[in-house]
Amino acid sequence: MALLYEGKAKQLFTTENDDELRLVYKNDATAFNGEKHDVLEGKGKLNNAISALFFEVLEAEGVATHFKAKISETEQIVRPTQMIPLEVVVRNLTAGSLARRLGWAEGKELTEPIVEWYYKDDAIGDPLVNEAHIAALEVVKAEELEEMRMRALHVNKILLKLCQKAGILLVDFKLEFGFAEDGTLILADEVSPDTCRFWDKETGEKMDKDVYRYDLGSLQSGYETILSRIGGVVHG
Ligand code: ADP
Ligand code: UDP
């Protein structure tokens, strides 16, 4: 079946059914807008397993997502989605670009979760944008943006509860939404340690893509810990 799109971490293929796509998780790791790139054995299957598990939990809690089924170690069947070119970032603690922007140390607890929008455009480095910029860009209507904010905060509540039970601090994460064939807004893309910051609750150890970004050790071993703590099977 035809390759629809190849990104940095995943591929999307058509299937025999118009209402299904095959999403393949690759072993590629990239950081700093593609400047750093490596192939890490086992990363694709870990992200596929973790993302499938998070999507199953979100669906069970009533969040509409593109996820239909995990069909192999590295593949999922998803609903085709007209993607909205925005990244929605939700933050519970300071880290990464927020720590740099505010001049704060990492790991400071925020009194309220912060929602941020980034305009998805690699050529200009996915800039931070506000509601007025989004209105000018005409990527989504104001009501749809508000709906995305509410959904992102709902996802945060669900993931916080799951992470709390697993001894994980959910520092921040990125979501992508789109419109399904029937025009409804759904959560798409992935929810994995590539797109979320996860720290060990006791030791503060990083178990997400920052391990790769900043050469802190083995990315796969952190991802395996996340998978087993949220109830997945690491080997087999
Ligand atoms: P990037 O494009 O940032 O390099 P990936 O390698 O993760 O990212 O590629 C996945 C691409 O597929 C992203 O552009 C994402 O917006 C898009 N995508 C994710 N889920 C769906 C879906 N259900 N339908 C259509 N496109 C999707
Ligand atoms: N993130 C992502 N894709 C991006 C940018 C950010 O998944 O293109 C995630 C990132 O992993 C983190 C959160 O969004 O969980 C916030 O990222 P931040 O803005 O701090 O990014 P940094 O500048 O550190 O890359």
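Since this is a predicted model, take the numbers as computed values, not measurements.

## Looking at the side chain of Asn48
Here is step 1 of the chain: Following the sequence through the fold, Asn48 ends up in helix 1 (residues 43-60).
Here is step 2 of the chain: Classification of Asn48 by relative accessible area gives buried; the value is 0%.
Here is step 3 of the chain: At 2.9 Å, the side chain of Asn48 forms a polar contact with the backbone oxygen of Ser72.
Here is step 4 of the chain: The residues contacting Asn48, other than those within four sequence positions of it, are Tyr25, Lys70, Ser72, Glu73, Thr74, Glu75 and Gln76.

## Quick notes on the sheet that holds strand 2 (residues 10-14)
Here is step 1 of the chain: If you walk across this open sheet you meet the five strands as 1-2-3-7-6, and the pairing is antiparallel. One side of each edge strand has no neighbouring strand; the edge strands of this open sheet are strand 1 (3-6) and strand 6 (67-70). Pairwise comparison of adjacent strand axes, ignoring direction, gives a mean angle of 25 degrees for this sheet.
Here is step 2 of the chain: Summarising the sheet, strand 6 and strand 7 (residues 75-78) pair through three bridges and their orientation is antiparallel. Each bridged residue has a counterpart across the sheet, and for Ala69 the counterpart in strand 7 is Ile77.
Here is step 3 of the chain: Most of the contacts of helix 1 go to strand 6, to which it runs at about 135 degrees, and overall it touches strand 3 (21-25), strand 6 and strand 7.

## Observations concerning the site of ligand 2
Here is step 1 of the chain: Taken together, 16 residues sit near ligand 2, with Arg91, Ser97, Arg100, Asp172 and Arg197 positioned nearest.
Here is step 2 of the chain: Note that an oxygen atom of ligand 2 is positioned 2.7 Å from one of the side-chain N or O atoms of Arg100.
Here is step 3 of the chain: Here an oxygen atom of ligand 2 sits 3.4 Å away from a polar atom, N or O, in the main chain of Thr195.
Here is step 4 of the chain: Considering ligand 2 on its own, with 530 Å² of exposed area, one finds that the protein chains cover 80% of that surface.
Here is step 5 of the chain: Looking at the shell around ligand 2, the elements that each hand over two or more residues are strand 9 (86-93), helix 2 (96-102), strand 12 (168-179) and strand 14 (196-200).
Here is step 6 of the chain: A class-by-class count of the residues in the shell around ligand 2 yields five nonpolar, three polar and eight charged.

## Thoughts on helix 4 (residues 142-165)
Here is step 1 of the chain: Relative to the 34 Å expected for 24 residues at 1.5 Å per residue, helix 4 spans 35 Å between its end C-alpha atoms, a close match to the ideal helical length.
Here is step 2 of the chain: For helix 4, the complete set of buried residues consists of Leu145, Met148, Ala152, Val155, Asn156, Ile158, Leu159, Leu162 and Cys163.
Here is step 3 of the chain: Once helix 4 finishes, Gly167 follows within two positions and takes phi at roughly 70 degrees, a positive value.

## Details of a nonpolar patch on the surface
Here is step 1 of the chain: Taken together, the side chains of Phe32, Tyr214 and Leu216 present a nonpolar region at the surface, about 300 Å² in accessible area.
Here is step 2 of the chain: Along the chain, the position of Leu216 falls in the loop between helix 5 (210-213) and helix 6 (219-229).

## Here we look at the UniProt feature "domain: SAICAR synthetase/ADE2 N-terminal" (unreviewed entry) in the protein
Here is step 1 of the chain: Under the present numbering, the feature "domain: SAICAR synthetase/ADE2 N-terminal" (unreviewed entry) in UniProt falls on residues 3-229.
Here is step 2 of the chain: Secondary structure within residues 3-229 divides into 31% helix and 33% strand; the distance between the first and last C-alpha atoms comes to 34 Å.

## Re the nonpolar core
Here is step 1 of the chain: Core analysis: the largest hydrophobic core is formed by 50 residues, its most contacted members being Leu58, Leu86, Trp117, Met148 and Leu175.
Here is step 2 of the chain: In contact with Leu175, not counting residues within four places along its chain, are Leu86, Glu87, Val88, Ala152, Val155, Leu187 and Val191.

## Considering the site of ligand 1
Here is step 1 of the chain: Ligand 1 sits among 17 residues. The nearest are Tyr5, Lys8, Ala9, Lys10 and Glu176.
Here is step 2 of the chain: Taking Tyr5, its side chain carries an N or O atom lying 2.5 Å from an oxygen atom of ligand 1.
Here is step 3 of the chain: Note that a nitrogen atom of ligand 1 is positioned 3.2 Å from one of the backbone N or O atoms of Asp189.
Here is step 4 of the chain: Contact with the protein chains covers 88% of the free accessible surface of ligand 1, which is 560 Å².
Here is step 5 of the chain: Within the shell around ligand 1, the residues separate by chemical class into eight nonpolar, three polar and six charged.

Cut-off values and rules
Residues numbered from 1 in each chain as written. Chains lettered and ligands numbered in written order. Predicted model: local features only at pLDDT ≥ 70, side-chain atom pairs only at ≥ 80, totals over all residues. Heavy atoms only, no water. Helix = DSSP H or I, 4+ residues; strand = E, 2+ residues; numbered from the N terminus. Buried < 20%, exposed > 50% of the residue type's maximum accessible area, 1.4 Å probe, protein only. Polar contact = N/O pair within 3.5 Å; in protein donor to acceptor, adjacent residues only side chain to side chain. Contact = heavy atoms within 4.5 Å. Pairing = 2+ DSSP bridges. Axes fitted to C-alpha atoms, helices over the stretch in contact; angles between N-to-C directions. Near = heavy atom within 4 Å. Areas by Shrake-Rupley, 256 points an atom, 1.4 Å probe, with all protein chains shown as cover. Nonpolar A, V, L, I, M, F, W, Y, C, P; charged D, E, K, R; others polar. Expected span 1.5 Å × (residues − 1). Patch = residues over 30% accessible without salt bridge, like charges linked within 9 Å, V, L, I, M, F, W, Y side chains within 5 Å. Salt bridge = Lys/Arg side-chain N within 4 Å of Asp/Glu carboxyl O. UniProt positions renumbered as here; feature names shortened; annotations may be inferred. Core = buried A, V, L, I, M, F, W, Y, C linked by side-chain atoms within 4.5 Å.

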